[in-house]
Every structure is written in C-alpha cells, then in structure tokens.
Amino acid sequence: MSDQDTVLKPETKAKAERPKLWKVVLLNDDFTPRYFVVKVLGAIFRMTEDEAMSVMMAAHQQGACVVAVFTKEIAEEKARQATEMGQREGYPLTFTTERED
Ligand code: TYC
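This structure is a prediction, so every number in the text was calculated from the model and none was measured.

J.: Just to check I follow, could you spell out the environment of A79 for this structure?
T.: Mapped onto the elements of the fold, A79 is located in helix α3 (residues 72-88). C-alpha separation for the pair A79 and L26, spaced 53 residues apart in sequence, amounts to 8.6 Å.

J.: What exactly am I supposed to notice about the site of the ligand here?
T.: Within the structure, the ligand sits among L26, L27, N28, D29, T32, R34, V37, M56, A59 and H60. Within the side chain of N28, an N or O atom sits 2.8 Å from a nitrogen atom of the ligand. Take H60: an N or O atom from its side chain is 2.9 Å from a nitrogen atom of the ligand. Within the complex, the protein chains bury 89% of what would otherwise be the 340 Å² of accessible surface of the ligand. When contributions to the shell around the ligand are tallied by element, the ones reaching two or more residues are β1 (22-27), α1 (34-45) and α2 (49-62). In terms of residue count, α2 provides more of the shell around the ligand than any other element does, three residues in total.

J.: Whenever I open this one, the packing of aromatic side chains confuses me. Can you help?
T.: To describe a pair of aromatic rings, one takes the distance between the centres and the angle between the planes. Enumeration according to the criterion identifies four aromatic pairs in this entry. Pairwise contacts between aromatic rings join Y35, F36 and Y91 into one cluster. Across the ring face of W22, the terminal group of K72 is positioned such that the distance to the ring centre comes to 5.2 Å.

The rules behind these values
- Residues numbered from 1 in each chain as written.
- Predicted model: local features only at pLDDT ≥ 70, side-chain atom pairs only at ≥ 80, totals over all residues.
- Heavy atoms only, no water.
- Helix = DSSP H or I, 4+ residues; strand = E, 2+ residues; numbered from the N terminus.
- Near = heavy atom within 4 Å.
- Polar contact = N/O pair within 3.5 Å; in protein donor to acceptor, adjacent residues only side chain to side chain.
- Areas by Shrake-Rupley, 256 points an atom, 1.4 Å probe, with all protein chains shown as cover.
- Phe/Tyr/Trp six-rings, centres within 6.5 Å; stacked < 30°, edge-to-face > 60°.
- Lys NZ or Arg CZ within 6 Å of the ring centre and 35° of its normal.

Right under this line is the structure:
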C-alpha cells in the first residue's frame, strides 16, 4: 500500500443504548386505609384487585414495595398523581421514584 492509498476507518457501530428505567415505589404509612391504597393502585397503575392487594400488603409488611418501572417522566407523573389522590383525601400515602441500576 502506498502513502496515497485511502484507508477507511472501520464503521463505528451505533450502540443501542438501553433506555434508563425508573421504579415507582410505594411507601407504607400507619394512616392510609388498605382499601384506599388498593383503589389508587388500580386507578393509576391499572392493576387488578388481586395485584393491587399483593403490592399493598408487601408495602405494609416490608415498609416499601416497587409498583412498576417506566421511563423517568412517566414514573414521576404516575408517582405524583398517585400521591395526590391520597392528599385529596387527607392521607399521607406516598409514592417515590428511584432510578433502576
Ligand atoms: N399500613 C396501612 C394500614 O395499616 C395500610 C397501607 C399499606 C398504607 C400500604 C400504605 O403503602 C401502604 N392502614
């Protein structure tokens, strides 16, 4: 190969980035009635009554439970709406978001 030959760079592969996901976490408290937590999980996270009941009981017994994972914006919006449903009734029900590792 002479000095004038063109050497092409190997094509740089476009890496498919894994979209970052955020967990919505339900926190236990001593005041919100169980039936109301189940109602919020059904309304905001589209859970069946059985699914909502087992997530609610997991948070009740362990202190917190992951409800679902979404993109950041959706996780934050769902956590906000779900927390607001409790606030409207005067309950301290809290949903937070956490980045998934
Ligand atoms: N601990 C509440 C009670 O005994 C029920 C409850 C469960 C509240 C889960 C919040 O995330 C929660 N009434």
